[in-house]
Structures are given as structure tokens and as C-alpha cells.
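Architecture and fold: a report
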Amino acid sequence: AEPEEPKQKNDEDAWYTVGIVKGTTFTVQNYISDPNVDLSNLSLDNLPELGGLPTTPLEHGTAYKFRIAAINSCGRGEYSEESAFKTCLPGFPGAPSAIKISKSPEGAHLSWEPPQVAAEGIFEYSVYLAVRSNTQPKEAAKSQLAFVRVYCGKANTCVVPVASLSSAHVDSSTKPAIIFRIAARNEKGYGPATQVRWLQDTKSTGVKRAGEGRLPGASPSKQPKQLLH
């Protein structure tokens, strides 16, 4: 029998290294082209030099998934949850950042910072909430989530009322969380949305913390189905 040809690895299954960063913020513009960079024995005393490796720039209007891990003298810790972001097209606003969510008697209070890219001329924000659907299985895939707009206005803050939260889909793929998406609009149109998970205390309706996905390890996805334009 003829030997089987090795299966081609899907690009969407490969993770590419963005970089090793000191600090808690970083602007991703490209990633190392080779997905097989050896990062297995990382520690503060053994950090590789990545500056001379070839890189690939991020593409406009493309969705990427990111994850990040911390490094100390003992080595690298576990990676964070994956977070998806979509790069904007030239002239369109970027995604809002620094999202904060807190519980109030009226519902969920959200605030955010304007996007850093094409922030001039933003006249509208939209906030979307993932809601339950009778046609979806209990544990629906993220790509199948249904979103409804719960806020539209110029202010970069809003309150999502309790009535809206009562129909929210609680994602239990990791820790139970309600999912919001926030996008900005200028004269060109809406830019990509920032997706944030509002972690829920299973013993009450309170919140433990709100997490906003970011940074270093990127995996390009060419078919962003649910990310907003």
C-alpha cells in the first residue's frame, strides 16, 4: 500500500508568537511567521532573542484570536482564555478598550475608552448582549451566539437594565459569564467590536470580575462570522 500523505495542518489551528513583553499593554502589529518557534523552556533567565526572525503583518478587516501567558523565574504559566478581535479597515474606527463592568441596582453598568485607531469623529457606540435562543443547544458554540443591541448612543458609558440581563446567555465553556460586544462608529461606519466576558458568581447575581481579552500569541482566522463590522 502507498504511504498516506501527511495531513496539511490548518493555519487556523496554529498559534504564532507575537513577542515577549514587559508590562501589561502591547500593540500588536505583526507576528512571527514561523509557528514552530521553541518556547518550551522559557524563564526570566532564558528568554530567546526574537528580533531577527521574519514577521507577518496583521491584515486589515481580519479576525485574530489572542492568548497570553506570564513568565517568571520558574518558567511560563498557563495561557489565558482565547479572545477574538478583528482589525479595522483604513478609516474605520478601532475597537473600544479598557472595558469596565460593575453591578448596580438598575443592572450592569458598562464604561469603556474610545478606540486608539481612527478615534476622531466617533459619533456613536453600540453595545450588544448575547441572549438565549430556543433554537440553540444549551451549550451553544460562540460562533452561534445571537446578539441584540442593548445600547446605542454617543456616551462611552451605559447601563444594561435587569430586564435585558434576564434574557442573557450565560456562557459556561469555562467560568460562567455573560458576553457583551461594544463597537464604535464614525462617518465611515462601524469598526470591529471588542468582546468582553462578565464573570458571574453562581451563588448570586453579583460579579467577580470582568475580563477583556488581549495579547501576545495570535492565530489568524480568515472567516470572522460573528464579529461586528
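Heads up: the structure comes first, above all this text.
So, here is what we can say about the structure in this document. Please read all numbers here as calculations on a predicted model, not as lab measurements.

1. Observations concerning the packing of aromatic side chains
A complete count under the given rule lists five aromatic pairs for this structure. Measuring from ring centre to ring centre gives 5.0 Å for Tyr 16 and Tyr 31, while their planes differ by 55 degrees; the resulting arrangement is tilted. In this pair, Tyr 16 is assigned in the segment before β1 (30–32) and Tyr 31 in strand β1, connecting sequence segments 15 residues apart. The class of Tyr 16 is buried, set by a relative accessible area of 10%. Lying over the aromatic face of Trp 15, Arg 67 brings its terminal NZ or CZ to 4.2 Å of the ring centre. It is Arg 67 that lies over the ring of Tyr 79; its NZ or CZ is 4.0 Å from the centre.

2. Things to note about the pattern of salt bridges
Summed over the entire model, instances satisfying the criterion amount to four salt bridges. Close ionic contact of Arg 185 with Glu 124 constitutes a salt bridge, the shortest N to O distance being 3.3 Å. Of this pair, Arg 185 sits in strand β13 (residues 177–186) while Glu 124 sits in strand β9 (residues 124–131), and the two are 61 residues apart along the sequence. Judged by relative accessible area, Arg 185 falls into the partly exposed class, the value being 31%. A residue is classified by how much of its surface remains accessible, and Glu 124, at 15% relative accessible area, is buried. With a closest N to O distance of 2.4 Å, Asp 171 and Arg 197 form a salt bridge. Separated by 26 residues along the polypeptide, Asp 171 in strand β12 (residues 170–171) and Arg 197 in strand β15 (residues 194–200) bring together distant segments of the chain. Note on accessibility: Asp 171 and Arg 197 belong to one class, buried. Residues joined by salt bridges that share partners form a network here, namely Glu 81, Asp 171 and Arg 197.

Reading guide: rules and limits
- Residues numbered from 1 in each chain as written.
- Predicted model: local features only at pLDDT ≥ 70, side-chain atom pairs only at ≥ 80, totals over all residues.
- Heavy atoms only, no water.
- Phe/Tyr/Trp six-rings, centres within 6.5 Å; stacked < 30°, edge-to-face > 60°.
- Helix = DSSP H or I, 4+ residues; strand = E, 2+ residues; numbered from the N terminus.
- Buried < 20%, exposed > 50% of the residue type's maximum accessible area, 1.4 Å probe, protein only.
- Lys NZ or Arg CZ within 6 Å of the ring centre and 35° of its normal.
- Salt bridge = Lys/Arg side-chain N within 4 Å of Asp/Glu carboxyl O.

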